[in-house]
Amino acid sequence: MTIREMQRVLNAQFLYGEELADLDVQFVFSADMMSDVLAYGSKCSVLITGLCNPQVVRTAEMLDIVCIIFVRGKMPDENMLALARSKSIAVLATEHYMFTSCGILYENGLRGGA
Amino acid sequence: MSEQLTFTYTIDGNDFTRAGEASSSVKNKLKMLGVGSDAIRKVAIAMYEGEINMVIHADGGVITVSVSDNDITMVLADKGPGIPDISKAMQEGYSTAREEVRSLGFGAGMGLPNMKRFTDEMHIDTELGKGTTITMKVHL
Ligand SMILES: Nc1ncnc2c1ncn2[C@@H]1O[C@H](COP(=O)(O)OP(=O)(O)OP(=O)(O)O)[C@@H](O)[C@H]1O
Ligand SMILES: [Mg+2]
């Protein structure tokens, strides 16, 4: 599934990275605890989270994640977006809750990582 | 590479927002040196966990990273409170982090186990009231 397809099915806003929209992604990890992401998400290319602070972008960077999806209407600030831009990490934001977001992506064929 | 390269970073213990900048810098440098992506990811994850620990548990410290032909060595030295029981601290899920740290997405008690998992060698040297030095190696 491409980043653009994820954006469409989640009714998400593209906050950064329209030029990355055609990237194909396979494995997804969802968590609010960044240490869990670091422990179990090392094969993943997408991070779904309800946590919203600069360490989310840092964590994504360490794992070479290409897209972060913020759920529950969380909006990253300009600092976080600047960091994402400098690392070429696409950023989406959806109003859906975590469970619903993951359910929608799963239904559309995306699977977990690890 | 024949000679050994060393990078040193001072970590500010009062700025959670900037935690991870050193790990990010090392990641970029290793990429430029042509180190393989698997080794880079291991170093990045282990160093980032250690850097975060320095900020949330030890009021900052100094990280030295050396790159040789055979391995990458990270030494994280702080003058924090020390770790009273290393085997307990190494258990997944053990954390003394405050609620405030948890709300920032850390304090799951996964950092030290992750550091061990993603490195080939890890040694913790700690003294109560004096500080902690963690040495980690990733083989190339
Ligand atoms: N540099 C340090 N100085 C003093 N205590 C430390 C240090 N690093 C870790 N500890 C102690 O060891 C415990 C376990 O550390 P670990 O990194 O595994 O978990 P955490 O930092 O609490 O949570 P997480 O890493 O999941 O965010 C910490 O809660 C803390 O009590
Ligand atoms: Mg930790």
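Keep in mind that this is a model prediction, so the values were computed, not measured.

(A) How the structure looks around the site of ligand 1. Close contacts around ligand 1 come from 23 residues, with His57, Ser95, Thr96, Gly107 and Met110 of chain B the closest. Each of chains A and B places residues near ligand 1. Measuring from an oxygen atom of ligand 1, one finds a side-chain N or O atom of serine 35 of chain A at 2.9 Å. Between methionine 110 of chain B and ligand 1, the recorded distance is 2.8 Å, taken from a backbone N or O atom to an oxygen atom. The fraction of the free accessible surface of ligand 1 (590 Å²) that becomes covered by protein chains is 96%.

(B) Fine view of the packing of aromatic side chains. Scanning all chains against the criterion turns up two aromatic pairs over all chains. Seen in terms of ring centroids, phenylalanine 16 of chain B and phenylalanine 106 of chain B are 6.0 Å apart; in terms of plane orientation they differ by 75 degrees. Their pairing is edge-to-face. With phenylalanine 16 of chain B in the loop between β1 (5-12) and α1 (21-32) and phenylalanine 106 of chain B in the loop between α4 (99-102) and α5 (111-118), the pair connects residues that are 90 residues apart, well separated along the chain. Each member of the pair phenylalanine 16 of chain B and phenylalanine 106 of chain B is classed as buried. Through successive ring pairs, a cluster of aromatic residues spans Phe16, Tyr48 and Phe106 of chain B. Seen from the ring of tyrosine 106 of chain A, arginine 111 of chain A lies directly overhead, with NZ or CZ sitting 3.7 Å from the centre.

(C) Region of interest: the sheet that holds strand β3 (residues 71-78) of chain B. Residues and elements named next belong to chain B. Sheet architecture is open: five strands sit in the order β1-β2-β3-β5-β4, paired in antiparallel fashion. With one partner strand each, in any of the chains shown, β1 and β4 (121-127) form the two edges of the open sheet. Strand-to-strand twist across the sheet, computed as the mean angle between neighbouring axes with direction ignored, equals 10 degrees. Where α1 meets the sheet, it contacts β1, β2 (60-67) and β3, and its direction lies at approximately 160 degrees from that of β1.

(D) Representation of the packing of helix α2 (residues 37-58) of chain B against α5 of chain B in the model. All names here are of chain B. The N-to-C vectors of α2 and α5 enclose an angle of 155 degrees; their axes lie 9 Å apart at closest approach. Regarding the angle of α2 to α5, the classification is roughly antiparallel. Judged by the sense of rotation from one axis to the other, the crossing of α2 with α5 is left-handed. Contacts between α2 and α5 involve Lys42, Ile45, Ala46, Glu49, Gly50 and Asn53 on the former and, on the latter, Gly111, Leu112, Asn114, Met115 and Phe118.

(E) Broad picture of α5 of chain B. In terms of residue burial, α5 of chain B counts as a mostly covered element, since six of its eight residues are buried. The complete set of buried residues in α5 of chain B reads Gly111, Leu112, Pro113, Asn114, Met115 and Phe118 of chain B.

(F) View of the interface of chain A and chain B. Each partner contributes to the interface: chain A provides 20 residues, whereas chain B provides 28 residues. Overall, the association of chain A and chain B removes approximately 1900 Å² of surface from exposure, summing both partners, and the carbon and sulfur fraction of that is 55%. Arginine 41 of chain B serves as the salt-bridge partner of aspartate 64 of chain A, at 3.2 Å between the closest nitrogen and oxygen. At the surface where chain A touches chain B, the tally comes to 16 residue pairs in polar contact (both at pLDDT 80 or more). Within the residue set of the side of chain A that touches chain B, elements represented by two or more residues are α2 (34-40) and α3 (54-62) of chain A.

(G) Quick look at the pairing of strand β3 (residues 46-49) of chain A. All names here are of chain A. What you see with β3 is no split at all: Val46 and Ile48 on one side and Leu47 and Thr49 on the other are buried throughout. For strand β2 (residues 27-30) and β3, the ladder comprises three bridges, and the chain directions are parallel. Residue serine 30 lies in a different strand from β3, and its bridge partner there is isoleucine 48. Here β3 runs beside strand β4 (residues 67-70); their pairing, made up of four bridges, is parallel. Note on β4: the bridge partner recorded for leucine 47 is isoleucine 68.

Calculation rules
- Residues numbered from 1 in each chain as written.
- Chains lettered and ligands numbered in written order.
- Predicted model: local features only at pLDDT ≥ 70, side-chain atom pairs only at ≥ 80, totals over all residues.
- Heavy atoms only, no water.
- Near = heavy atom within 4 Å.
- Polar contact = N/O pair within 3.5 Å; in protein donor to acceptor, adjacent residues only side chain to side chain.
- Areas by Shrake-Rupley, 256 points an atom, 1.4 Å probe, with all protein chains shown as cover.
- Phe/Tyr/Trp six-rings, centres within 6.5 Å; stacked < 30°, edge-to-face > 60°.
- Helix = DSSP H or I, 4+ residues; strand = E, 2+ residues; numbered from the N terminus.
- Buried < 20%, exposed > 50% of the residue type's maximum accessible area, 1.4 Å probe, protein only.
- Lys NZ or Arg CZ within 6 Å of the ring centre and 35° of its normal.
- Pairing = 2+ DSSP bridges.
- Axes fitted to C-alpha atoms, helices over the stretch in contact; angles between N-to-C directions.
- Contact = heavy atoms within 4.5 Å.
- Parallel < 35°, antiparallel > 145°, perpendicular 65-115°, else oblique.
- Left-handed = near helix turned anticlockwise from the far one by under 90°.
- Buried area = accessible area lost by both parts, 1.4 Å probe.
- Salt bridge = Lys/Arg side-chain N within 4 Å of Asp/Glu carboxyl O.

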